[in-house]
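These are the residues of each chain, in order.
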Amino acid sequence: MKKKGTPKIYFSRNIVLIETTFGEIIFSLRSGLSRMLSSDDIGLPVVRANNISHGNLDLNNDVKYWYQEDPQGANTNNYLIKKNDLLINFINSEKKMGTAALVKEEPKRATIYTTNILNLRTKSGIDPYYIFMITKTLKYKNYIKSITKPAVNQASFTTVDFKKFSLKLPSFEEQQKIGYFFKNLDDTISLHQQELEALKQTKKGFLQKMFPKIEDAVPEIRLKGFTDEWTLCELKNVATFINGRAYKQNELLDSGKYKVLRVGNFYTNTSWYYSDLELGEKYYANFGDLLYTWSASFGPHIWKGDKVIYHYHIWRVDLKDGFDKHFIVQLFEYDKAKIMSDKNGSTMVHITKKGMEEKIVRIPSYDEQIKIGEFFKQLDEVIELKEKELEALKETKKGFLQKMFV
């Protein structure tokens with residue numbers, strides 16, 4: 001009979017694996033300091049859930065602070081963050097439960113963490129990056145979901161339940177090799193993310209300089225060969241905005257002849273609904289059509305899929321003669337902030353069709369539109385390629401997580 005506390009030993013792919021639990025490999029596990037934090041820099045930066053994103057620790061944005069000498073008598077040194085600390089959300093929205101970030105480098109200044117976060121420090125002989133990767137596995141996520149207690153304001157789980165999570169550990173050397181492998185993969189993903197963000201910021205800068213403000217007749221930067229002023233124009237003179245079809249929930253099918261394009265489908269290729277209805281041509285979007293989402297999420301899209309029925313919260317934008325599609329897409333992108341300032345509603349934020357049609361914009365000659373549209377089209381293609389490369393890397397990592405952890 002196996003004695004209580006004796007670890008099980010497994011052999012997998014010629015690697016010895018020891019079955020254990022978080023409780024047996026953790027050196028310390030404690031929650032942070034509970035205080036009403038300040039937006040002013042009064043002493044110590046404080047890590048909150050908002051500072052943990054996609055496995056990374058962000059101490060540059062949305063940082064709150066607390067006094068180094070706690071007015072309530074706590075020793076803030078007990079809550080200082082150190083290199084290789086694993087910070088885990090355990091009191092928050094259900095979506096954030098169990099999400100974690102590894103402190104890869106000690107913060108440049110003394111930093112503490114809030115009460116909604118657990119700080120996990122591993123015992124010697126346990127590689128922190130290996131444990132960090134375990135928090136990315138499906139087994140871990142399912143376990144966190146099973147121990148999470150939902151609540152009206154914030155969900156939570158107990159440290160007692162958290163410590164019961166079972167895992168199989170290889171030797172320390174093997175942990176280090178696996179951790180190093182994923183660290184290199186994460187560094188590559190991070191580099192691609194930085195490059196993608198730099199490209200998006202470059203585009204944003206070009207939009208600001210290559211489209212004039214409404215009070216200016218010409219933009220700050222001009223493509224070679226163009227000097228004419230841009231003319232004022234209402235959008236209703238540029239295009240016809242056609243509403244899609246409103247559906248009742250029981251009209252949407254799990255399978256059928258036509259996909260029903262909803263706002264969310266621009267960002268994910270899952271959760272499609274279908275319809276067998278034969279409708280007027282105005283309710284269909286075909287490859288290359290210009291569409292605009294006007295509720296909940298705002299912005300232009302050039303549809304790149306097969307024929308679909310588009311939902312009521314999407315306009316099909318049929319351009320009139322003398323206007324270039326790729327230019328108008330960028331005009332909408334440039335003008336998005338102003339368009340959104342005219343949004344309506346409280347439960348479902350939206351732009352009205354009338355408000356969109358009466359929007360005043362500046363338009364250059366057709367030849368200049370084509371040149372500007374082509375410039376940004378090429379830039380968008382580079383951004384799209386970088387997005388695909390990044391997604392491929394993430395899928396590669398996901399595949400390795402499934403195969404390298406048991």
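What you are looking at is a predicted structure, and each value in this text was computed from that prediction instead of being measured. (Residues numbered from 1 in each chain as written. Predicted model: local features only at pLDDT ≥ 70, side-chain atom pairs only at ≥ 80, totals over all residues. Heavy atoms only, no water.)

> How would you sum up the sheet that holds strand 17 (residues 258–261)? Please name residues and give values.
Consider a sheet: its strands pair through backbone hydrogen bonds, and that pairing is either parallel or antiparallel. With respect to topology, 4 strands assemble into an open sheet ordered 18-17-22-19, the strand pairing being mixed. Since the sheet does not close on itself, it has two edges, and those belong to strand 18 (273–275) and strand 19 (284–285), each with one partner. Summarising the sheet, strand 19 and strand 22 (residues 308–310) pair through 2 bridges and their orientation is antiparallel. The residue bridging Tyr284 from the neighbouring strand is Ile309, located in strand 22. (Pairing = 2+ DSSP bridges. Helix = DSSP H or I, 4+ residues; strand = E, 2+ residues; numbered from the N terminus.)

> Tell me what's going on with the packing of helix 5 (residues 172–210) against helix 9 (residues 366–404), and back it up with residues and numbers.
Following both chains from N to C, one finds helix 5 and helix 9 inclined at 165°, their axes separated by 10 Å at the closest point. Classified by the interaxial angle, the pair formed by helix 5 and helix 9 is roughly antiparallel. Judged by the twist between their axes, the crossing of helix 5 over helix 9 is left-handed. (Axes fitted to C-alpha atoms, helices over the stretch in contact; angles between N-to-C directions. Parallel < 35°, antiparallel > 145°, perpendicular 65-115°, else oblique. Left-handed = near helix turned anticlockwise from the far one by under 90°.)

> Explain a nonpolar patch on the surface to me, using residue names and the numbers behind them.
Judged by side-chain polarity, Ile214, Leu232 and Ile360 come together as a nonpolar surface patch covering roughly 260 Å² of accessible area. When you line up the elements, Leu232 lands in strand 15 (residues 231–234). (Patch = residues over 30% accessible without salt bridge, like charges linked within 9 Å, V, L, I, M, F, W, Y side chains within 5 Å. Areas by Shrake-Rupley, 256 points an atom, 1.4 Å probe, with all protein chains shown as cover. Salt bridge = Lys/Arg side-chain N within 4 Å of Asp/Glu carboxyl O.)

> For the pairing of strand 23 (residues 314–319), give the residues involved together with the corresponding values.
Where strand 16 (residues 239–243) lies against strand 23, 5 bridges are found, and the strand directions are antiparallel. By the bridge assignment, Phe241 is partnered in strand 23 with Val317. Where strand 20 (residues 290–295) meets strand 23, 3 bridges bridge the pair, whose relative direction is antiparallel. Among the inter-strand pairings, Tyr292 is bridged to a residue of strand 23, identified as Trp315.

> An account of the environment of Asp40 is requested, with residue identities and associated values reported.
Along the chain, Asp40 falls in the loop between strand 3 (26–31) and strand 4 (44–47). By relative accessible area, Asp40 is classed as exposed at 55%. For the pair formed by Asp40 and Lys64, sequence separation is 24 residues and the distance between their alpha carbons is 7.2 Å. (Buried < 20%, exposed > 50% of the residue type's maximum accessible area, 1.4 Å probe, protein only.)

> I'd like a description of the side chain of Thr20, backed by residues and values.
As for its position among the elements, Thr20 is in strand 2 (residues 15–21). In terms of polar contacts, Thr20 uses its side chain to reach the side chain of Glu24, at 2.5 Å. Not counting chain neighbours up to four residues away, the residues in contact with Thr20 comprise Ile25, Phe165, Ser166, Leu167 and Leu169. (Polar contact = N/O pair within 3.5 Å; in protein donor to acceptor, adjacent residues only side chain to side chain. Contact = heavy atoms within 4.5 Å.)

> An account of the sheet that holds strand 23 is needed here, citing residue identities and associated values.
Taken in spatial order, the 4 strands of this open sheet run 16-23-20-21, and their pairing is antiparallel. Each edge of the open sheet is held by one strand with a lone partner, namely strand 16 and strand 21 (297–302). This sheet shows a mean twist of 25° between the axes of neighbouring strands, independent of strand direction. Packed on one face of the sheet, helix 6 (residues 325–334) meets strand 16, strand 20, strand 21 and strand 23 and runs near 165° to strand 21.

> Break down the environment of Ser53 for me, with residues and values.
Take Ser53: it is sitting in strand 5 (residues 52–53). For Ser53 and Ala101, which are 48 residues apart along the polypeptide, the C-alpha to C-alpha distance reads 7.6 Å.

> Outline the pairing of strand 21, supporting the account with residue identities and numerical values.
Bridge analysis of strand 20 against strand 21 gives 6 bridges, and the strand direction is antiparallel. Bridging from a neighbouring strand, Tyr292 pairs with Pro300 of strand 21. Counting the residues that bridge the hairpin from strand 20 to strand 21 gives 1 residue, and of these Ala296 lies at a positive phi of roughly 70°.

> Provide a residue-level description of the pattern of salt bridges, including the pertinent values.
Enumeration according to the criterion identifies 24 salt bridges in this entry. Here Arg121 makes a salt bridge to Asp85, at a shortest N to O gap of 2.7 Å. Of this pair, Arg121 sits in strand 12 (residues 117–122) while Asp85 sits in the loop between strand 7 (64–66) and strand 8 (86–89); the two residues are 36 residues apart in sequence, bridging distant segments of the chain. Taking the relative accessible area as the measure of exposure, Arg121 reaches 23% and is therefore partly exposed. Exposure remark for Asp85: the relative accessible area of 2% places this residue in the buried category.

> Provide a residue-level description of the packing of helix 6 against helix 9, including the pertinent values.
Between helix 6 and helix 9, whose axes approach to 7 Å, the crossing angle comes to 70°. Our classification of the angle between helix 6 and helix 9 gives roughly perpendicular. In this structure, helix 6 uses His326, Phe327 and Gln330 to contact helix 9, whose residues at the interface are Gln369, Ile372, Gly373, Phe376, Lys377 and Asp380. Here the contact of helix 6 with helix 9 is built from residues that sort into 3 nonpolar, 4 polar and 2 charged. (Nonpolar A, V, L, I, M, F, W, Y, C, P; charged D, E, K, R; others polar.)

> Let's hear about helix 5: which residues, and what values?
Over its 39 residues, helix 5 runs 56 Å from end to end, which matches the ideal 57 Å to within 8%, given 1.5 Å per residue. Three or more residues of helix 5 are buried, namely Gln175, Ile178, Gly179, Phe182, Leu185, Asp186, Ile189, His192, Leu196, Lys203, Leu207 and Met210. Close packing links the buried residues of helix 5 with helix 2 (128–134), strand 14 (166–169), helix 6 and helix 9. (Expected span 1.5 Å × (residues − 1).)

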